[in-house]
Amino acid sequence: VQLVESGGGLVQPGGSLRLSCAASGFTFSSYAMNWYRQAPGKERELVATISSAGGSRNYADSVKGRFTISRDNAKNTVYLQMNSLKPEDTAVYYCSASHSVRRNYWGQGTQVTVPS
């Protein structure tokens, strides 16, 4: 099983990034997919989640209206479009796959830095 994030980097405030997470080794279309982030010295927080078929999406209040989660089950990939980035969005972003009865899976993370 692998979850491989990409697309992180350094972006100026107000800019945009699109994170991708490519999944393999499990039935991607059966899992809800999530994006978490962890800033230095802070706990990991849930940023966005999307249901297995993509019909339901939820966001943390801090990113509502700025971030969009989407998925392509044909490509086994989940995305996080991040617009209007702020310094407080600086964190390592992780994707995870969650299922009600099966084990969850995590990626290794990708760094997003928005300088103040």
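These remarks concern the structure in this document. Per chain, residues are indexed from 1 in the order of the written sequence. In keeping with the predicted nature of the model, local features appear solely for residues at pLDDT of at least 70, side-chain atom pairs appear and are counted solely at 80 or more, and the whole-chain, interface and lining totals rest on all residues. Neither water nor hydrogens contribute to the side-chain values; these are computed over all heavy atoms in the structure.

### Quick look at the state of the cysteines
Then step 1. A pair of cysteine sulfur atoms is labelled a disulfide when the two atoms are within 2.5 Å. Evaluation of the coordinates by the stated rule reveals one disulfide.
Then step 2. In this model Cys-21 forms its disulfide with Cys-95; the gap between the sulfur atoms is 1.9 Å. You can see Cys-21 sitting in strand 3 (residues 17-24) and its partner Cys-95 sitting in strand 9 (residues 91-98), a full 74 residues away along the chain. Exposure class is identical for Cys-21 and Cys-95. Each is buried. Only DSSP runs of H or I reaching four residues or more are called helices, and only runs of E reaching two or more are called strands; each is numbered from the N terminus. Under the scheme applied here, a residue whose accessible area is under 20% of the maximum for its type counts as buried, over 50% as exposed, and between as partly exposed, the area being computed with a 1.4 Å probe on protein chains only.

### Describing the packing of aromatic side chains
Then step 1. The pairing test for Phe, Tyr and Trp rings, Trp by its six-membered ring, is centres within 6.5 Å, and the orientation test on the planes gives stacked under 30 degrees, edge-to-face over 60, and tilted for anything in between. Summed over the entire model, instances satisfying the criterion amount to five aromatic pairs.
Then step 2. Ring geometry for Tyr-31 versus Tyr-105: centroids 5.9 Å apart, planes at 40°, classification tilted. On the criterion of sequence distance, the pair formed by Tyr-31 in the loop between strand 3 and strand 4 (32-38) and Tyr-105 in strand 10 (residues 105-106) is long-range, its members being 74 residues apart.
Then step 3. The class for Tyr-105 is buried, based on a relative accessible area of 15%.
Then step 4. The residue whose ring lies beneath Arg-44 is Tyr-94, and the NZ or CZ to ring-centre distance is 3.9 Å. Distance and angle both matter: a charge sits over a ring if NZ of Lys or CZ of Arg is within 6 Å of the ring centre and within 35 degrees of the ring normal.

### Let's talk about the pairing of strand 5 (residues 45-50)
Along a regular strand, successive side chains alternate from one face of the sheet to the other.
Then step 1. When DSSP finds two or more bridges between a pair of strands, those strands are recorded as paired. The pairing of strand 4 with strand 5 spans five bridges and is classified as antiparallel. Bridge pairing in strand 5 links Met-33 to Ile-50.
Then step 2. The antiparallel hairpin formed by strand 4 and strand 5 contains six residues in its connecting segment, where Gly-41 sits at a positive phi of about 75°.
Then step 3. In this structure, strand 5 lies alongside strand 6 (residues 57-59), joined through three bridges in antiparallel fashion. When the bridges of strand 6 are listed, Thr-49 appears paired with Asn-58.
Then step 4. Once strand 5 ends, the chain turns through six residues before running back antiparallel as strand 6, passing Gly-54 with a positive phi of about 90°.

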